[in-house]
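Here's the letter readout for the chains.
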Amino acid sequence: MNLTVATLADRPDLADALWNMTDSWPKFMTQDPIAALYFDPDIREAFSQFVVAGLDEKGSVVAKGLSMPIYLPNGEPLPTDGWDGAIRRGVKTRLVGHTPNTVCALEIAVTPGMQGSGASSKMLAALRDNSSRLGFEELIVPVRPNGKTDIHEAMHRYAFRTRLDGLPVDPWLRVHVRAGGRIDSIAPRSMVIPGTLDEWRTWTRLPFDRSGPVEIPGALTPVLCDLQHGTAVYVEPNVWVRHRTNPA
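The structure presented is a predicted model; accordingly, all values stated were derived computationally and were not measured.

About the thresholds
- Residues numbered from 1 in each chain as written.
- Predicted model: local features only at pLDDT ≥ 70, side-chain atom pairs only at ≥ 80, totals over all residues.
- Heavy atoms only, no water.
- Buried < 20%, exposed > 50% of the residue type's maximum accessible area, 1.4 Å probe, protein only.
- Helix = DSSP H or I, 4+ residues; strand = E, 2+ residues; numbered from the N terminus.
- Pairing = 2+ DSSP bridges.
- Right-handed = clockwise from strand over helix to strand, strands pointing away.
- Salt bridge = Lys/Arg side-chain N within 4 Å of Asp/Glu carboxyl O.
- Phe/Tyr/Trp six-rings, centres within 6.5 Å; stacked < 30°, edge-to-face > 60°.
- Core = buried A, V, L, I, M, F, W, Y, C linked by side-chain atoms within 4.5 Å.
- Contact = heavy atoms within 4.5 Å.

Q: Sorry, what's going on with the pairing of strand E4 (residues 102-110) here?
A: Across a regular strand the side chains alternate sides, sitting on one face of the sheet and then on the other. Of all nine residues that make up E4, nine are buried, and the element is covered over most of its length. Relative to strand E5 (residues 138-143), E4 runs parallel, the two sharing two bridges. Each bridged residue has a counterpart across the sheet, and for Cys-104 the counterpart in E5 is Ile-140. Where the polypeptide runs from E4 across helix H5 (residues 119-133) and back to E5, its parallel neighbour, the crossover connection is right-handed.

Listed below in structure tokens is the structure:
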């Protein structure tokens, strides 16, 4: 497909269209409290060089790739807190003046009408190439494997399941591996989304009327409901994938 890519730093006029782009995330996925550290207008502007927009033939924003530079100690395993941890580290890196040494992709999304067109693969390549242009040797990604339908299957089993051709069974992990990515490890608490029972009822339109695990559409694991205390929490595991920006 013919998709033109531009960074938000080069095209600040795309900001409104990019941040308001229609996507297909379940509503509860937009309630992660750590997200405010990145999506706050004043903060996200600071990372505009690491945001890429995909434009169709008419110049409309139909895809986006979000990332941020972070500092990770060399030689240490990738952090268990995945997506949430990457945002905290990215903001801290900027606040305390550390020199970032890697880039973490946070989101790749395409409008519903463009799904299946190859746009997500192109946006992944755009984030990797942009990281290289900015002087980074690696792009790390806390991948949300959207093909996982059994919420009771452990992520460390699902993530490493392969087809007969050796590629992952998960479609999104397969895109990353085909693009040269290497599955590294599991981030068992990549996103933590807490809420009151009333909030969860609003987000999901489910009753949340008994304590215990609750299965909700679009989730990778159950939501844990505590009726006595009036709260529920979702802890989502993701899969760390490493991409070299200048593959040998």
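Q: What should I look at first to understand the pattern of salt bridges in this one?
A: Any two side chains of opposite charge can pair, on the condition that their charged atoms come close. One pass over the structure, following the stated rule, counts twelve salt bridges. Of the charged contacts, one joins Asp-129 and Arg-128 as a salt bridge, the two residues approaching to 3.7 Å between their closest N and O atoms. The residue Asp-184 makes a salt bridge to Arg-242 at a minimum N-O spacing of 3.0 Å. Of this pair, Asp-184 sits in strand E6 (residues 182-196) while Arg-242 is found in strand E9 (residues 231-244), placing the two residues 58 residues apart along the sequence.

Q: Sorry if this is basic, but what is going on with the packing of aromatic side chains here?
A: A ring pair, where both rings are aromatic, is described by two values, the distance of the centres and the angle of the planes. A complete count under the given rule lists nine aromatic pairs for this structure. Ring centres of Phe-28 and Tyr-234 lie 5.2 Å apart, and the angle between their planes is 90°; on these two criteria the pair is classed as edge-to-face. Pair noted here: Phe-28 is in the loop between helix H1 (15-19) and helix H2 (36-39) and Tyr-234 is in strand E9, with a separation of 206 residues, a long-range link. Take Phe-28 and Tyr-234: they sit in the same class, and that class is buried. Relative to Phe-136, the ring of Phe-50 has its centre 6.1 Å away and its plane inclined at 65°; by these criteria the two rings are edge-to-face. Here Phe-136 lies in the loop between H5 and E5 and Phe-50 lies in the loop between helix H3 (41-44) and strand E2 (51-55), a separation of 86 residues in the sequence.

Q: Got a minute to help me understand the nonpolar core in this structure?
A: Judged by nonpolar contacts, the single largest core of 74 residues is most densely connected at Phe-28, Tyr-38, Leu-106, Trp-200, Phe-208 and Tyr-234. Filtering out sequence-adjacent residues up to four positions away, Leu-106 remains in contact with Tyr-38, Leu-66, Ser-67, Met-68, Trp-83, Ala-86 and Ile-87.

Q: Got a minute to help me understand the pairing of E9 in this structure?
A: Counting buried residues along E9, ten of its 14 residues qualify, which places the element largely inside the surrounding structure. Both E5 and E9 contribute to a ladder of six bridges, which runs antiparallel. Its bridge partner being in E9, Pro-142 is matched across the sheet by Trp-240. Where E6 meets E9, eleven bridges bridge the pair, whose relative direction is antiparallel. Residue Pro-194 lies in a different strand from E9, and its bridge partner there is Val-233.

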